[in-house]
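Results of the structural survey
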Amino acid sequence: MNESYPTAGEPQDMPPGSPRILPHGAPPVPQRGPLPPAPMSSGPSGPSPVPLGGRAEQAFDPPSGMTWARVSPRLTWHRRIAVLLWALPLTIAGAFVLSRMIGLLGGLIWLAAIIVACAMGWIVAELVYRSWGFAERADDLLVTHGFFIKHLVVVPYGRMQYVDVTAGLLEQWLGVATVRLHTAAAATDARIPGLPASDAAVLRDRLAQKGESRSIGL
Amino acid sequence: MGPPYGPPPGYGPGHDPPQGPPYGPVPYGAPPRYGAPPPYGPPPKPPVHFSVGVHRLHVATAVINALSVVVIMFVVGGYSLLITQTADGVALLLTPQSLARFVLVMLPVTAVAALVGFWTWWSVKFRIDGDDLVVETGIMRRRNRRIPLSRVQAVDVVRPLVTRIFGLAEVRVELAGGDQAETKFRYLGRSMGEQLRAELLARAAGLPGHTPEAPERPYWRVGFGSLFGSQLLKLPVIGALTLFVALLAFGVVYREPGVLAAALPVLLGLARGVIAPLLMHGGFKAALSPDGLRLRYGLFETRMQTVPPGRVQAVRVIEPLLWRGYGWARLDVTVAGYVGERQVLSSVLLPVAPRHIAFQLVGLVFPGTNAEAVPLLPAPRSWLAPFGNGAAGTDDAIFVTRRGRMCHRLDVIAHARAQSVRLTAGPLQRLLNLGTVHVDAPPGPVQVAAENRELGEARAIVESAAGRAHRARAADQRTDRWAT
């Protein structure tokens, strides 16, 4: 499954071969008025794409006949910068305390430990980015994510209470946003981070529209 | 109680004038329809129409509010005015001086409390306006709350011990979402509270407000003996009892009073585990009515709860090890309206009942299903759960999982109620090619999950559950209104 992933640092925003969120030729800014139709192939929820006894990774494959829509690689950088921002004060404080207590050697060991942790954080950031994917089916949205603990969430559009788009300071600077779906169940954690901001707005509007047309009570 | 429509019984000449709606021709010889009422006996109180005029809480609310303020003031500072410092410590001497001091302080406090109590009572007004319940609070700063009745999740009548003495009741109206989504009427007269409850339920179901309260049929009553026995017959309770007795014996044999310090927490735990459920669920009665399942329970604080079948999200049948010999089971439920502490308080559908009664009730809550008949497939054995995993099964209407070796737990959720379906697999699980399928319900005590399924099968379960949920929702478009 991992073979089809792009290598990190490719110039294009979305990996090649992934279905585009924005239809071809659509302006990149969210627009009022009638929403563009969903470009995704929307197959009905059918049989499992995985045969019984399949490999562990296959259970998190996209539904049959579809591919996961991927998020922006800028998500990797969002996470990496966050790791650095966490590491910086930790390094300074820890190095200061340890060099006072043990000496220069302690400070250096601390520095080395932080560097190793950061390197691991950078690798994990890439792996976590690769694990994100989502697919819009006719009646539900599928989101998969997770590197250590793998998740696959199927949320029917009719169960959406509301959809919101959030972007923290770092996300705004990177030009990405997080789309989050809320249902009445707290455990339903269907969020899609690292979408380009304009795509996020379009996706939110489309999800909200689908939710409206299929809305039911609790 | 007869049917609300159609000719009233005993219609025709030679009988009393019809009491029902005056439709149809007046029979010959019948007395005039609008005559004076029969002079004997006190006339029955006319029913309250909440849609006409503005209504207030019971006047006694003002008195209770004022009294509680006075009591608090007395405890905080008032009693110290009665105490006089003497040579050997303090003493309660009712000298004219101390009495005068006490009255001088407590009289204004009482006056202010009475004023505040009256003010808070006067400021709360409510009425039913079309499809909304309107509650107005505040006189200086008006707050107007409109509650769409189609969104009402539950209406409970609670009667704490103190208010039972005064013949009062508290009515709680629950809405879905958030801790703020509850409206309390504290307190109404008992009959007024029950009328308000009946009218809210009738209107929430889309019936006219003057519809008489739906008749009910007694379903199950939990005797005190079986409730007490069921609370005792639990492994933790028996363990704690054994520990308590052993500690006492040790203390007596070795003349060591120190063990009391260890025995006391055990005793408190026992009180919490045995006495609290007894007080809470004593006198438990369940009845069936067209607007849902009616539960009445509580020894000191009585509650009357109506659980409409359409609002039940998931149920759990619990069979502890020691209950199985007697064929007992307990039924827990997740209802969307209750949040936080109230969710815990109102999560029990049956504290203890024979197994078949519990399953029958599950069939009533999810109509047209039989949770016992759903074939369950056991999960594969692995060293993650060496004593065997749970089992899971599904039919077109419900998803059922079974868990627990000692204490059997059977979780049931209707596909039409599922909020989402999730598949998760941790690193250990993935090593063993296992995954867990969650069928999510709104937050509550019952959460349904099929644990440690083979991953390919788990994905198949996810897809089938999503498909069945879609079909069930398409067939089930009736949840907009209460219980209809």
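Residues numbered from 1 in each chain as written. Chains lettered and ligands numbered in written order. Predicted model: local features only at pLDDT ≥ 70, side-chain atom pairs only at ≥ 80, totals over all residues. Heavy atoms only, no water.

An unreviewed UniProt entry annotates chain A as YdbS-like PH domain-containing protein of Actinoallomurus bryophytorum.

So, on to the domain arrangement of chain A. Residue and element names in this part refer to chain A. If you check the domain split of chain A, you get domain 1 (72-130) and domain 2 (133-216). When each unit is reduced to the centre of its C-alpha atoms, the spacing between domain 1 and domain 2 is 30 Å. Between domain 1 and domain 2, the residue contacts involve ten residues of the former and eleven residues of the latter. Summed over both partners, the interface of domain 1 with domain 2 buries about 930 Å², with 79% contributed by carbon and sulfur atoms. Broken down residue by residue, the surface that domain 1 buries against domain 2 is led by Arg74, Leu75 and His78, which jointly contribute 50%. Taken together, the connections running from domain 1 to domain 2 amount to two residue pairs in polar contact (both at pLDDT 80 or more). Put simply, the parts of the chain that give the side of domain 1 that touches domain 2 at least two residues each are helix 1 (74-101) and helix 2 (104-131). Tallying contributions element by element places helix 1 first for the side of domain 1 that touches domain 2, with six residues. Residues belonging to the side of domain 1 that touches domain 2 are distributed by class as follows: seven nonpolar, two polar and one charged. (Domains from an automatic or database assignment. Contact = heavy atoms within 4.5 Å. Buried area = accessible area lost by both parts, 1.4 Å probe. Polar contact = N/O pair within 3.5 Å; in protein donor to acceptor, adjacent residues only side chain to side chain. Helix = DSSP H or I, 4+ residues; strand = E, 2+ residues; numbered from the N terminus. Nonpolar A, V, L, I, M, F, W, Y, C, P; charged D, E, K, R; others polar.)

What follows concerns helix 1 of chain A. An α-helical segment advances 3.6 residues per turn. Residues three or four places apart therefore align on the same side. Residue and element names in this part refer to chain A. Its 28 residues give helix 1 an end-to-end C-alpha distance of 40 Å, which sits within 8% of 40 Å, the value for a rise of 1.5 Å per residue. Within the span of helix 1, buried status applies to Leu75, Thr76, Arg80, Ala87, Thr91 and Gly94. Against helix 2 and strand 6 (190-196) lie the buried residues of helix 1. One or two positions beyond helix 1, positive phi appears at Gly103, with a value near 120 degrees. (Expected span 1.5 Å × (residues − 1). Buried < 20%, exposed > 50% of the residue type's maximum accessible area, 1.4 Å probe, protein only.)

Residue and element names in this part refer to chain B. In spatial order, the strands read 16-15-14-20-19-18-17; together these seven strands make up an open sheet with antiparallel pairing. Looking at which strands have only one partner, the edges of the open sheet turn out to be strand 16 (348-354) and strand 17 (377-378). Those strands touched by helix 5 (residues 224-232) are strand 15 (328-335) and strand 16, and its axis lies near 95 degrees from that of strand 16. (Pairing = 2+ DSSP bridges. Axes fitted to C-alpha atoms, helices over the stretch in contact; angles between N-to-C directions.)

This part is about the nonpolar core. Among soluble globular proteins, nonpolar side chains are generally buried collectively. If you look at the biggest cluster of nonpolar residues, it comprises 38 residues, and the most contacted ones within it are Leu349, Phe366 and Val412 of chain B. Of all the elements in the fold, those that place two or more residues in this core are strand 11 (285-289), strand 12 (292-297), strand 14 (312-319), strand 15, strand 16, helix 9 (355-365), strand 19 (398-403) and strand 20 (408-414) of chain B. Ranked by residue count, the leading element in this core is helix 9 of chain B, at six residues. With sequence-adjacent residues up to four places away left out, Leu349 of chain B is seen in contact with Phe284, Leu293, Leu295, Val307, Leu331, Asp332, Val333, Leu361 and Val365 of chain B. Counting residues in each nonpolar core, the second largest holds 28 residues, with Ala135 and Leu142 of chain A together with Ala392 and Leu455 of chain B among its members. (Core = buried A, V, L, I, M, F, W, Y, C linked by side-chain atoms within 4.5 Å.)

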